[in-house]
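Residues per chain, in single letters:
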Amino acid sequence: MRAGSAEHEYAMVRAAELYYKDGLLQSEVADRLRVSRWKVGRLLEEARARGLVEITIHHPTSRRGDLESQLVDRFGCAEAVVVQSQDTSAATTALVAQASASYLTEMRPQPQSIGFSWGRTVAAIASALPDRAFIGADLLQLNGGAPSVDGTVDAASILRLVAAKSRQARTRLLPVPAIVSDRELARRLCYDHAIADTLKLATSCDVAVFSLGALSPGSVLVRSGALTDEEQLELQRSGAVGDVLGHYIDRSGRVVDLELDSRTIALALDQIGRIRHAIAVAVGAEKSEVTYAALYAGLCSVLITESAIAENVLGMSQT
């Protein structure tokens, strides 16, 4: 953790939040951040010297506790993590990814089975994870992949990266498309031994990490060819606001196209809602409506997002 690096900056602010705002002991902060107690002391000393710590914490990467508490109160989710939106999309994505990685590695007890979706946001989270992120964990793919995606945002690359940053991790992939051509094919594929076993394990995983997808030309599912232009237009006409693991939902969190959903290979919506730590991650104001829908329908117990989305979602809840 090099002084002056983005990782060092985040660790300094997080240590200050845990110690001053959450009231943890320095030893407990050290355990959460996986550093020595001496290192925590240095981080807190630096935070004070730089004027970050007074009554509140002043730094662009500090969490928005005001918005977090409003989201929890309004929607009844277990927890919300909201970071301040930055000047650029890339900077915001990096900050949300770092917050997500920290949330995962600070969980106690440490999760032993973790499901992941795929895409740009989840790939950024995998990149932000520290070395020795998990020990002896099962890493599972929650939904099928896509015929063509950029570089390292596919599920196999993400799970390999998380496994490389862990010790004695085991990976379980779903080597099938997210959306197939007809429901009979989807049914047969889901009866395949390897696919059925992975989906069954996913239903009982400790943690599920998935990004919320907007219904737009920039969507990974659209760009990768998993969803045709015609299907996208039909979903828009049906009132879809985005997807959760490839399940396209309206503002109330209901599936809008049952035929398309029958061709979607993924953990089912009702199964996602039953996972104790279902962590939805959203970056980009265009994902405000699907974020509202996921919270409204109880499809996530934890939301990790940026302040622009949080403010939009809270505004929607008042209309």
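Residues numbered from 1 in each chain as written. Predicted model: local features only at pLDDT ≥ 70, side-chain atom pairs only at ≥ 80, totals over all residues. Heavy atoms only, no water.

**Quick notes on the pairing of strand β2 (residues 113–116)**
Here comes step 1: Side chains Ser113 and Gly115 of β2 all project onto a buried face; the interleaved residues Ile114 and Phe116 project onto the opposite face, where all are buried too.
Here comes step 2: Across four bridges, the pairing between β2 and strand β3 (residues 138–141) is parallel. In the sheet register, isoleucine 114 faces β3, and the bridge partner there is leucine 139.
Here comes step 3: Traced from β2 through helix α6 (residues 120–128) to β3, the parallel crossover comes out right-handed.
Here comes step 4: Across three bridges, the pairing between β2 and strand β5 (residues 207–214) is parallel. In the sheet register, glycine 115 faces β5, and the bridge partner there is alanine 208. (Buried < 20%, exposed > 50% of the residue type's maximum accessible area, 1.4 Å probe, protein only. Helix = DSSP H or I, 4+ residues; strand = E, 2+ residues; numbered from the N terminus. Pairing = 2+ DSSP bridges. Right-handed = clockwise from strand over helix to strand, strands pointing away.)

**Remarks on the environment of leucine 314**
Here comes step 1: Mapped onto the secondary structure, leucine 314 falls in helix α15 (residues 307–316).
Here comes step 2: Each C-alpha atom of the pair leucine 314 and valine 283 lies 16 Å from the other, and the pair is 31 residues apart in sequence.
Here comes step 3: Sequence-distant contacts of leucine 314, defined by excluding residues within four places in its chain, comprise Leu67, Gln70, Leu71 and Arg74. (Contact = heavy atoms within 4.5 Å.)

**A look at the packing of aromatic side chains**
Here comes step 1: Summed over all chains, the structure comprises three aromatic pairs.
Here comes step 2: Ring geometry for phenylalanine 75 against tyrosine 292: centres 5.8 Å apart, planes inclined by 85°, an arrangement best described as edge-to-face. Placement of the pair is phenylalanine 75 in helix α4 (residues 65–75) and tyrosine 292 in helix α14 (residues 288–296), with a sequence separation of 217 residues. Assigned by exposure class, phenylalanine 75 and tyrosine 292 land together as buried.
Here comes step 3: An aromatic cluster is defined as three or more aromatic residues linked by ring pairs; in this entry it consists of Phe75, Tyr292 and Tyr296.
Here comes step 4: Lying over the aromatic face of tyrosine 292, arginine 251 brings its terminal NZ or CZ to 4.9 Å of the ring centre. (Phe/Tyr/Trp six-rings, centres within 6.5 Å; stacked < 30°, edge-to-face > 60°. Lys NZ or Arg CZ within 6 Å of the ring centre and 35° of its normal.)

**Here we look at the pattern of salt bridges**
Here comes step 1: Evaluated as defined, the whole model comprises 17 salt bridges.
Here comes step 2: We note a salt bridge from glutamate 106 to arginine 32, for which the minimum N-O separation is 3.6 Å. Here glutamate 106, found in helix α5 (residues 89–106), pairs with arginine 32, found in helix α2 (residues 26–33); they are 74 residues apart in sequence, far enough to count as distant.
Here comes step 3: Of the charged contacts in the structure, one is a salt bridge between glutamate 184 and arginine 188, with a shortest N-O distance of 3.8 Å. On the criterion of helical spacing, the pair formed by glutamate 184 and arginine 188 is a turn pair, its members being four residues apart in helix α8 (residues 183–191).
Here comes step 4: Among the residues examined, glutamate 184 registers a relative accessible area of 33% and is labelled partly exposed. (Salt bridge = Lys/Arg side-chain N within 4 Å of Asp/Glu carboxyl O.)

**Looking at helix α3 (residues 37–49)**
Here comes step 1: With 13 residues, α3 extends 18 Å from end C-alpha to end C-alpha; this agrees with the ideal 18 Å at 1.5 Å per step.
Here comes step 2: Packed against the buried residues of α3 are α1 (6–21) and α2.
Here comes step 3: Phi turns positive one or two residues past the end of α3, at glycine 51, with a value near 75°. (Expected span 1.5 Å × (residues − 1).)

**A look at the packing of α8 against helix α9 (residues 193–203)**
Here comes step 1: Contact geometry of α8 with α9 gives a least axis separation of 5 Å together with a crossing angle of 80°. By the angle between their directions, the pair α8 and α9 is classed as roughly perpendicular. Residues Leu189, Cys190 and Tyr191 of α8 pack against His193, Ile195, Ala196 and Leu199 of α9.
Here comes step 2: Residues of the contact of α8 with α9, tallied by class, amount to six nonpolar, one polar and no charged. (Axes fitted to C-alpha atoms, helices over the stretch in contact; angles between N-to-C directions. Parallel < 35°, antiparallel > 145°, perpendicular 65-115°, else oblique. Nonpolar A, V, L, I, M, F, W, Y, C, P; charged D, E, K, R; others polar.)

**A few points about the environment of aspartate 261**
Here comes step 1: Topologically, aspartate 261 is positioned in helix α12 (residues 258–262).
Here comes step 2: Taking the C-alpha atoms as reference, aspartate 261 lies 6.1 Å from histidine 247; in sequence the two are 14 residues apart.
Here comes step 3: Ignoring sequence-local partners within four residues, the contact set of aspartate 261 consists of His247, Tyr248 and Val255.

**Focus on the pairing of strand β1 (residues 79–83)**
Here comes step 1: Of all five residues in β1, four are buried; the element is thus mostly enclosed.
Here comes step 2: Of the strand pairs in this sheet, β1 and strand β9 (residues 302–306) are connected by five bridges, and their pairing is parallel. Residue pairing across strands places glutamate 79 opposite valine 302, the latter belonging to β9.

**Digging into the state of the cysteines**
Here comes step 1: In this structure the tally under the stated criterion is zero disulfides.
Here comes step 2: Considering cysteine sulfurs only, cysteine 300 is the nearest to cysteine 77, which forms no disulfide, with 6.3 Å between them.
Here comes step 3: Between cysteine 190, a cysteine without a disulfide, and cysteine 205, which holds the nearest cysteine sulfur, the sulfur-to-sulfur distance is 16 Å.
Here comes step 4: The class for cysteine 190 is partly exposed, based on a relative accessible area of 28%. (Disulfide = S-S within 2.5 Å.)

**Structural notes on the confidence of the model for the chain**
A low pLDDT score tells you not to read the predicted coordinates there in detail.
Here comes step 1: The share of residues in the chain with pLDDT of 70 or more is 94%, and the mean pLDDT across the chain is 90.
Here comes step 2: Of all helices and strands in the chain, the one with the weakest mean pLDDT is helix α10 (residues 220–223) (75), whereas β9 scores best (98). (pLDDT = per-residue confidence, 0-100.)

**Here we look at unusual backbone geometry**
Here comes step 1: Here arginine 108 and proline 109 are connected by a cis peptide whose omega angle stands at 0°.
Here comes step 2: Among the secondary structure elements, proline 109 is positioned in the loop between α5 and β2.
Here comes step 3: Positive phi outside glycine occurs at arginine 34, with the angle close to 60°.
Here comes step 4: Its place among the elements puts arginine 34 in the loop between α2 and α3.
Here comes step 5: A relative accessible area of 31% means that arginine 34 is categorised as partly exposed.

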